[in-house]
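# What the coordinates show
Letter by letter, the chains look like this.
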Amino acid sequence: MDIHVEVNHQPLVWKVNPGQILLDVLRREGYKSVKFGCGQGDCGACTVLIDGQSMRSCLLLVGQVEGRSIVTVESLGNHDQPHPLQSSFVECGAVQCGYCTPGMLLSAKALLDENPKPDEDQVREALDGNLCRCTGYKKIIEAVLRAAERMRS
Amino acid sequence: MLANAKVCLYPRDQQEAVRILEEYGGQALVLAGGTTAALNSDPAVTTLVDLTRIGLDSIEEEDGEWSLGCCVRIQQIATHAGIAGLCDGMLSTAAGSVGSRPIRNMTTLGGNVVQVFRWSDPPVALMAMNAGFELMGPAGSRRLSADEFFERHPRQVLQRSEILTRVYVRRPQGASGGAFIKYARTAFDLAVVDAAVCIELDGRNCSAARVVVGGTRTVPWRSREAEKILVGSRLTKAVMRRAAAAARLETRAAGGVRTDGEYRRQMVEVIAGRVIEQAAQRARERS
């Protein structure tokens, strides 16, 4: 069936089986920033924003996103013009292997869109569903706080 | 993935949803948050029915009674100011203990309470708050008490083509207090035990109590023995300790990979003891 979605502000029509997993469809359509980690909602590597809310694309059937707006890291910034979150992740050393980074960035973006001045506890709460096995989280949290500060000024 | 699902339907109201379920029977799978549907691979499912567009996604208040639509997301409950003011915020605390932020953004109240998984913390609080559950089916709508709704697994309580539409919670009258505690090995893990208590005082004595334990059976249950000890008594430390011990004796808990049964029973006493004490303290402050 036809599923009408907006991905990174671009309206699209997907011809799919509605019972397919959104993560699989997104990757097949070229949104490779969305990572497969655990496939059961524990790790956060597949996080996308649906109507502004951070969600697991591995736990969504594509039929559920009819008419919804999806945001992936492809829309944030690029090498020459990174999003403030992306540059602060680089500066703070918040990226090591990088596999969790797209999910981290999107959970952080959802937080900053809603609350431009979060405290450390609010950053921890917003990122509580994104696992990182490299950094120990400290630098990620620093990076989000630094980006928030930069985006306010 | 549901490989044989060819169609996804989007009913616009609850009557239409029920009609679709009646028509498709066992071939239809109801979707709300979808977090469990995505792990389902039942080849019999040909039709998905998305309930999130039937207009039951808000929290409203009328005459002191709060109505929560079945498609309200758990995160909405965890952060709602009105819900935080009910029974010392025990439902907000319970909602906030579900999974992680993206899971709370996805999971709906209806899915959480109908499926009652081991990570469903809100049913424990809803049972202590004596919530009402409104169901809609081909024969019309009916309302069950929390005790009726969780008497068996709610999937067995719901009849064919019936859906949960709303959950009602009411502000208790007079000097009352509530508390909820989830005890798990890590912040993200499922509960070893969770417990919720609502206590009402009449003067110095306890006039009503609902002591609910979760995490030990498939559905939350009331410790009637603990309630018997509390109701009619002055809530001294000794009385509250006896009530918590009674909850342990009433616990049927199997062991598992997380903990053995004996540890879980002991934790019921500890956690039930803490919620009883907290709820009693809060009720006393209001009397």
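All of the points below concern the structure found in this document. (Residues numbered from 1 in each chain as written. Chains lettered and ligands numbered in written order. Predicted model: local features only at pLDDT ≥ 70, side-chain atom pairs only at ≥ 80, totals over all residues. Heavy atoms only, no water.)

Counting secondary structure elements, chain A contains five helices and five strands. Sequence-ordered secondary structure for chain A, helices as α and strands as β, is β-β-α-β-β-β-α-α-α-α. Relative to the globule expectation of 15 Å for 153 residues, the C-alpha radius of gyration of chain A, 15 Å, shows essentially globular dimensions. Principal-axis analysis of the C-alpha atoms gives chain A an extent of 45 × 30 × 30 Å. Every one of the 153 residues in chain A was classed for burial, and the buried ones make up 52%. Contacts in chain A between residues far apart in sequence, at least 24 positions, make up 57% of those at least 6 positions apart. Summing over all exposed atoms, chain A offers an accessible surface of approximately 7000 Å²; the carbon and sulfur share of this is 49%. Averaging the positions of the 16 positive and the 19 negative side-chain charges in chain A gives two centres separated by 5 Å. (Helix = DSSP H or I, 4+ residues; strand = E, 2+ residues; numbered from the N terminus. Rg over C-alpha atoms; globule rule 2.2 N^0.38 Å. Buried < 20%, exposed > 50% of the residue type's maximum accessible area, 1.4 Å probe, protein only. Contact = heavy atoms within 4.5 Å. Areas by Shrake-Rupley, 256 points an atom, 1.4 Å probe, with all protein chains shown as cover. Lys, Arg positive; Asp, Glu negative; His and termini not counted. Charge placed at Lys NZ, Arg CZ, Asp CG, Glu CD.)

All names here are of chain B. Helix length check: helix 12 (residues 261-286), at 26 residues, gives a terminal C-alpha distance of 38 Å against a target of 38 Å (1.5 Å per residue), a fit within 8%. Regarding helix 12, the residues found buried are Gly 261, Arg 264, Met 267, Val 268, Ile 271, Ala 272, Gly 273, Val 275, Ile 276, Ala 279, Ala 280 and Ala 283. Residues of helix 12 that are buried make contact with strand 9 (175-184), strand 10 (191-202), strand 11 (205-214), helix 10 (224-230) and helix 11 (237-250). (Expected span 1.5 Å × (residues − 1).)

With that out of the way, let us pick up the interface of chain B and chain A. With 31 residues of chain B at the interface, the matching set in chain A holds 28 residues. By the criterion of area lost to chain A, the three top residues of chain B are Arg 101, Pro 102 and Met 106 of chain B, representing 23% of everything that side buries. The interface formed by chain B and chain A includes four salt bridges. A salt bridge links Arg 104 of chain B to Glu 125 of chain A; its shortest N-O distance comes to 2.8 Å. Taken together, the connections running from chain B to chain A amount to 13 residue pairs in polar contact (both at pLDDT 80 or more). Listing elements by their share of the side of chain B that touches chain A, those giving two or more residues are strand 1 (7-9), strand 3 (47-50) and helix 5 (101-106) of chain B. Considering every element that reaches the side of chain B that touches chain A, the biggest residue donor is helix 5 of chain B, with six residues. (Buried area = accessible area lost by both parts, 1.4 Å probe. Salt bridge = Lys/Arg side-chain N within 4 Å of Asp/Glu carboxyl O. Polar contact = N/O pair within 3.5 Å; in protein donor to acceptor, adjacent residues only side chain to side chain.)

A word on the packing of helix 2 (residues 84-92) of chain A against helix 3 (residues 101-114) of chain A. Residue and element names in this part refer to chain A. One can describe the packing of helix 2 onto helix 3 by two numbers: an axis separation of 10 Å at closest approach and a directional angle of 125 degrees. It follows from the interaxial angle that helix 2 and helix 3 lie oblique. The chirality of how helix 2 crosses helix 3 is right-handed. Note on element contacts: helix 3 touches helix 2 through Thr 101, Met 104, Leu 105, Ala 108, Lys 109 and Leu 112, opposite Leu 85, Gln 86 and Phe 89. Each residue belonging to the contact of helix 2 with helix 3 can be placed in one class, and the counts come to six nonpolar, two polar and one charged. (Axes fitted to C-alpha atoms, helices over the stretch in contact; angles between N-to-C directions. Parallel < 35°, antiparallel > 145°, perpendicular 65-115°, else oblique. Left-handed = near helix turned anticlockwise from the far one by under 90°. Nonpolar A, V, L, I, M, F, W, Y, C, P; charged D, E, K, R; others polar.)

Time to look at the packing of helix 3 of chain A against helix 5 (residues 138-152) of chain A. Residues and elements named next belong to chain A. For the pair helix 3 and helix 5, the least separation of the axes is 11 Å and the interaxial angle reads 40 degrees. In terms of axis orientation, helix 3 runs oblique to helix 5. The two elements helix 3 and helix 5 cross, and the hand of that crossing is right-handed. When helix 3 is examined against helix 5, the residues Met 104, Ala 108, Leu 111 and Leu 112 are found in contact with a partner set consisting of Ile 140, Val 144, Ala 148 and Met 151. When its residues are assigned to classes, the contact of helix 3 with helix 5 shows eight nonpolar, no polar and no charged.

Here we take up the sheet that holds strand 9 of chain B. Consider a sheet: its strands pair through backbone hydrogen bonds, and that pairing is either parallel or antiparallel. Residues and elements named next belong to chain B. In space, the four strands of this open sheet follow the order 9-10-11-12, with antiparallel pairing throughout. The outermost strands of the open sheet, each flanked by one partner alone, are strand 9 and strand 12 (221-222). Pairing of strand 10 with strand 11 involves nine bridges; the strand directions are antiparallel. Residue pairing for strand 11: Val 197 is matched across the bridge by Val 211. In this fold helix 12 packs onto strand 9, strand 10 and strand 11, with an angle of close to 150 degrees to the strand it touches most, strand 9. (Pairing = 2+ DSSP bridges.)

With that settled, the discussion passes to the pattern of salt bridges. If you walk through the whole model with that rule in mind, you get 25 salt bridges over all chains. Arg 53 of chain B serves as the salt-bridge partner of Asp 50 of chain B, at 3.3 Å between the closest nitrogen and oxygen. Glu 134 of chain B serves as the salt-bridge partner of Arg 166 of chain B, at 3.4 Å between the closest nitrogen and oxygen. In this pair, Arg 166 of chain B is assigned in strand 8 (residues 163-170) and Glu 134 of chain B in strand 6 (residues 132-137), connecting sequence segments 32 residues apart. In this structure, a network of salt bridges that share partners links the residues Glu 114, Glu 125 and Asp 128 of chain A together with Arg 101 and Arg 104 of chain B.

This paragraph deals with the packing of aromatic side chains. All names here are of chain B. Enumeration over the complete set of coordinates arrives at three aromatic pairs over all chains. A centroid spacing of 4.2 Å and a plane angle of 0 degrees characterise the contact between Phe 133 and Phe 149, whose relative ring orientation is stacked. Highlighted residues: Phe 133 in strand 6 and Phe 149 in helix 8 (residues 146-149), separated in sequence by 16 residues. Across the pair, Phe 149 and Phe 133 agree in class, each one buried. One aromatic cluster is present, formed by Phe 133, Phe 149 and Phe 150 through successive ring pairs. The ring of Tyr 168 carries Arg 143 above its face, with NZ or CZ at 4.1 Å from the centroid. Looking at Arg 217, its charged tip hangs above the ring of Trp 221, at a distance of 4.3 Å from the centre. (Phe/Tyr/Trp six-rings, centres within 6.5 Å; stacked < 30°, edge-to-face > 60°. Lys NZ or Arg CZ within 6 Å of the ring centre and 35° of its normal.)

Turning next to the environment of Arg 185 of chain B. Residues and elements named next belong to chain B. For Arg 185, the location among the structural elements is in the loop between strand 9 and strand 10. The class for Arg 185 is exposed, based on a relative accessible area of 54%. Taking C-alpha positions, Arg 185 is 8.3 Å from Arg 258, a pair spaced 73 residues apart along the chain. Excluding anything up to four places from it in sequence, Arg 185 contacts Val 192 and Arg 258.

Take a negative patch on the surface next. On the surface, a cluster of negative charge is contributed by Glu 60, Glu 61, Glu 62 and Asp 63 of chain B. With relative accessibility at 45%, the residue Glu 61 of chain B sits in the partly exposed group. (Patch = residues over 30% accessible without salt bridge, like charges linked within 9 Å, V, L, I, M, F, W, Y side chains within 5 Å.)

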